[in-house]
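Topology and contacts: notes
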Amino acid sequence: MEAPLGQQSQQPSQEFPSISLSHLSSSAPSAVLSVFPSFAYDQADRPRLRFYQPSSFVPDLDLDLRKIQIFVLGHLELLCVGEEADDDEEEKESFSRAYKIDFKTKDESKAFILAFEKWKLGGVDAKTDGPLENGTIVVSKSKFDNKIDSTSSKMYFHYYGQLVHQQNMLQDYVRTGTYYAAIIENRVDFHGRIVVDVGAGSGILSLFAAQAGAKHVYAVEASDMVEYARRLIAGNPSLGQRITVIKGKIEEVELPEKADILISEPMGTLLVNERMLETYVIARDRFLASDGKMFPSLGRIHMAPFSDEYLFVEIANKALFWQQHNYYGVDLTPLYGSAFQGYFSQPVVDAFDPRLLVSPPIIHPLNFSSMKEEELYEIDIPLSFISSVGTRVHGLACWFDVLFDGSSVQRWLTTAPGAPTTHWYQLRCVLAQPIYVMAGQEITGRLHLVSHSAQSYTIYLTMSAKMWGPGAEQGGILQTSSCKLDLKEPYYRLSQPQPFVLQQDMQSQQQLMQSQDISPQIQDGTGPNIAVTPSQILDSLDPL
Ligand SMILES: C[S@@+](CC[C@H](N)C(=O)[O-])C[C@H]1O[C@@H](n2cnc3c(N)ncnc32)[C@H](O)[C@@H]1O
């Protein structure tokens, strides 16, 4: 591209191929101009967005970047709205103006938006995502775009762009209240600090961080929720003046300074669904100072075998429809097997009674502060339990918790069965072929999670009952059952858990909370494998 002549100075600038610009006024539609946009600094070091006619030294339009906002109208269209002062020095008269910008390609539109955010943040050394070559902007794909299918991410960010879904999370008071408590009780970690809110959504965590005394918060959000976040933050000016909302993906935006602390709520069903933990780890590598903190810093997947005859029959019965030999004269049975498999490939999401667990849970920890992003691509967990009862095992129950390891207070956010229900509920992988176990018998197996480009995981589960009793062959496997499920396609059952917590159980749980004397088997640990009673299983669930 030929650079506009006015930009041949020593000042850093960033130019773009020509766009069509029209001034939107209430009176008459303005002419459409073909102009070259350019980001640069003026003599007073203020970031400007200028539009030049070809071969012109003088910009047709010269906007103060700090006073304008852009809105995405479509893939190729942006609306640029802002206040423009008649006199830059005095700013005596200012009035609102709106311009429509039409790009030729999606890449050009995307690169312009990225550049806009960078320059607005004071990106003197703002770089394009690729060099300007032969008049085209070469935008290299970000880490996110490389691994995530674009249809999936479009639907994902569309979902989070809607207030109703943010409200759903805000109304999960266990979740939001725990974040609030963890942040406010640990003011010492926030006061005077630079914070990055990773996937800010409505901006709620940024506002909490500002309440806790943060010096400045960068709220990064990729979906259109940013517009609502900006309004919410502007509506809370005493906090909002310390918050900058940035539209873009964590993998793509640039920030002007390193963060002392990252806050985020990146957890999906089974902790890892949505693959946002990878984004959280990327944010750590890109934005966190080497001695910085993460809120939360640790996540743990908990797993235990369960027995639930009722659930098993409910799922198996769904396929019975395909057992009909005469459905309007058609034999449906050729599809029965596929339908049966299909129903058992959906993990079940609901809140279940913890008395359905047949052994204490094991734990697989994920340390967000130290793990590599690639470690989340494939997660392999060996399973080993001792059944506390003789029963039919119908599968594996899973839930998670995360730790806010504050300097003043440590707080856990748990989604355990029996704990106050969250919008994550719990997740159960149901075996099409249950296994029979006796009390004291060992259950082994493997939970293998393989990420896919639709922002989720394929789950491979194998569970086996080991030989048991006097004379049993050492290490011999009696029965094995396997299944493959798609974490992206759960069956939301969402039945209410039955009342079960006895007063004495409540008391014993509270005592356990106080003493913190709970040591469930860590996955890579070698805790003693002893048969326990159902009430011991309940007691072994993690504290709130
Ligand atoms: C679970 S919501 C949490 C929202 C908010 N932090 C809260 O706690 O209410 C996750 C948010 O992160 C955003 N998000 C996910 N991946 C992102 C990415 N790669 N870059 C920026 N934002 C992302 C989503 O659009 C969504 O709004």
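Residues numbered from 1 in each chain as written. Predicted model: local features only at pLDDT ≥ 70, side-chain atom pairs only at ≥ 80, totals over all residues. Heavy atoms only, no water.

Next up on the list: the site of the ligand. Taken together, 22 residues surround the ligand, and among them Arg175, Gly199, Glu221, Ile250 and Glu251 come closest. A distance of 2.9 Å is found between an oxygen atom of the ligand and a side-chain nitrogen or oxygen belonging to Arg175. Note that a nitrogen atom of the ligand is positioned 2.9 Å from one of the backbone N or O atoms of Gly199. Considered on its own, the ligand offers 590 Å² of accessible surface; in the complex 99% of this is hidden by protein. Secondary-structure elements contributing two or more residues to the shell around the ligand are α3 (150-160), α4 (163-170), α7 (204-211) and α10 (276-287). Among the elements that take part in the shell around the ligand, α3 stands out by supplying three residues, more than any other. Here the residues of the shell around the ligand sort into 11 nonpolar, six polar and five charged. (Near = heavy atom within 4 Å. Polar contact = N/O pair within 3.5 Å; in protein donor to acceptor, adjacent residues only side chain to side chain. Areas by Shrake-Rupley, 256 points an atom, 1.4 Å probe, with all protein chains shown as cover. Helix = DSSP H or I, 4+ residues; strand = E, 2+ residues; numbered from the N terminus. Nonpolar A, V, L, I, M, F, W, Y, C, P; charged D, E, K, R; others polar.)

What follows covers the sheet that holds strand β25 (residues 477-486). Strand order in the open sheet formed by four strands is β19-β23-β24-β25, with antiparallel pairing between adjacent strands. Of all strands in the sheet, those bounded by a partner on one side alone are β19 (378-386) and β25. Averaged over all neighbouring strand pairs, the angle between strand axes comes to 15°, with direction disregarded. Taken together, the nine bridges between strand β24 (residues 456-466) and β25 define a ladder with antiparallel strand orientation. From the neighbouring strand, Ser464 faces β25, where its bridge partner is Thr480. (Pairing = 2+ DSSP bridges. Axes fitted to C-alpha atoms, helices over the stretch in contact; angles between N-to-C directions.)

Attention now moves to the packing of aromatic side chains. Taken as a whole and judged by the stated rule, the model has 20 aromatic pairs. Between Phe103 and Phe112 the ring centres are 5.2 Å apart and the planes differ by 55°, which places this aromatic pair in the tilted class. We note that Phe103, like Phe112, is buried. For the pair Phe340 and Phe344, a centre-to-centre distance of 4.7 Å together with 45° between the ring planes defines the contact as tilted. With Phe340 and Phe344 both in helix α12 (residues 336-344), this residue pair falls four residues apart, about one helical turn. Phe344 sits in the buried class, given a relative accessible area of 3%. Sitting over the face of the ring of Tyr491, Lys318 holds its NZ or CZ atom 4.0 Å from the ring centroid. Directly above the aromatic system of Phe312 lies the positively charged group of Arg392, at a separation of 5.4 Å from the ring centroid. (Phe/Tyr/Trp six-rings, centres within 6.5 Å; stacked < 30°, edge-to-face > 60°. Buried < 20%, exposed > 50% of the residue type's maximum accessible area, 1.4 Å probe, protein only. Lys NZ or Arg CZ within 6 Å of the ring centre and 35° of its normal.)

This part covers the UniProt feature "domain: Protein arginine N-methyltransferase" (unreviewed entry) in the protein. The UniProt entry lists residues 301-452 under the feature "domain: Protein arginine N-methyltransferase" (unreviewed entry), expressed in the numbering used here. Helix makes up 12% of residues 301-452 and strand 44%, whereas the separation of the span's terminal C-alpha atoms amounts to 19 Å. (UniProt positions renumbered as here; feature names shortened; annotations may be inferred.)

Turning next to the sheet that holds strand β14 (residues 259-264). Taken in spatial order, the five strands line up as β13-β12-β11-β14-β15 in an open sheet, and their pairing is parallel. Every interior strand has two partners, whereas the edge strands, β13 (243-247) and β15 (288-295), have only one. Strand-to-strand twist across the sheet, computed as the mean angle between neighbouring axes with direction ignored, equals 25°. In the sheet, strand β11 (residues 194-198) pairs with strand β12 (residues 216-221) via five bridges, with the strands oriented parallel. Bridge pairing in β12 links Asp197 to Ala219.

A few words on the nonpolar core. Residues Leu271, Val272, Met303 and Leu383 are the most contacted members of the largest nonpolar core, which totals 94 residues. Here the element with the most residues in this core is α10; it accounts for seven residues. Setting aside chain neighbours within four positions, we find Val272 in contact with Leu277, Leu366, Leu376, Ile379, Leu449, Tyr457 and Leu487. (Core = buried A, V, L, I, M, F, W, Y, C linked by side-chain atoms within 4.5 Å. Contact = heavy atoms within 4.5 Å.)

We now examine the confidence of the model for the protein. In the predicted model, the protein carries a mean pLDDT of 84, and 81% of its residues have values of at least 70. Segment residues 123-139: pLDDT under 50, and 32 contacts once partners within four positions in sequence are set aside and those in other chains are kept. Scored below 50 in pLDDT, residues 498-534 shows 50 contacts in the model against residues more than four places distant or in partner chains. In the predicted assembly, ipTM is 1.00 and pTM is 0.72. (pLDDT = per-residue confidence, 0-100.)

Every regular strand shows the same layout, with side chains that alternate between the two sheet faces. When you tally the buried positions in β12, you get six out of six residues, the bulk of the element. Side-chain alternation along β12 places His216, Tyr218 and Val220 on one buried face and Val217, Ala219 and Glu221 on a second face that is also buried. In this fold, β11 hands off to α7, which returns the chain to β12; that crossover is right-handed. Pairing analysis gives five bridges linking β12 to β13, with the strands arranged parallel. Residue pairing across strands places Glu221 opposite Lys247, the latter belonging to β13. (Right-handed = clockwise from strand over helix to strand, strands pointing away.)

To continue, consider unusual backbone geometry. The omega angle of the peptide bond from Phe295 to Pro296 is 5°, so this bond is cis rather than trans. Along the chain, Pro296 turns up in the loop between β15 and β16 (298-306). One non-glycine residue, Leu271, lies in positive phi territory at about 70°. Residue position: Leu271 is located in the loop between β14 and α10. By relative accessible area, which is 0% here, Leu271 ends up buried. A positive phi angle is found at Tyr328, which is not glycine, with a value near 50°.

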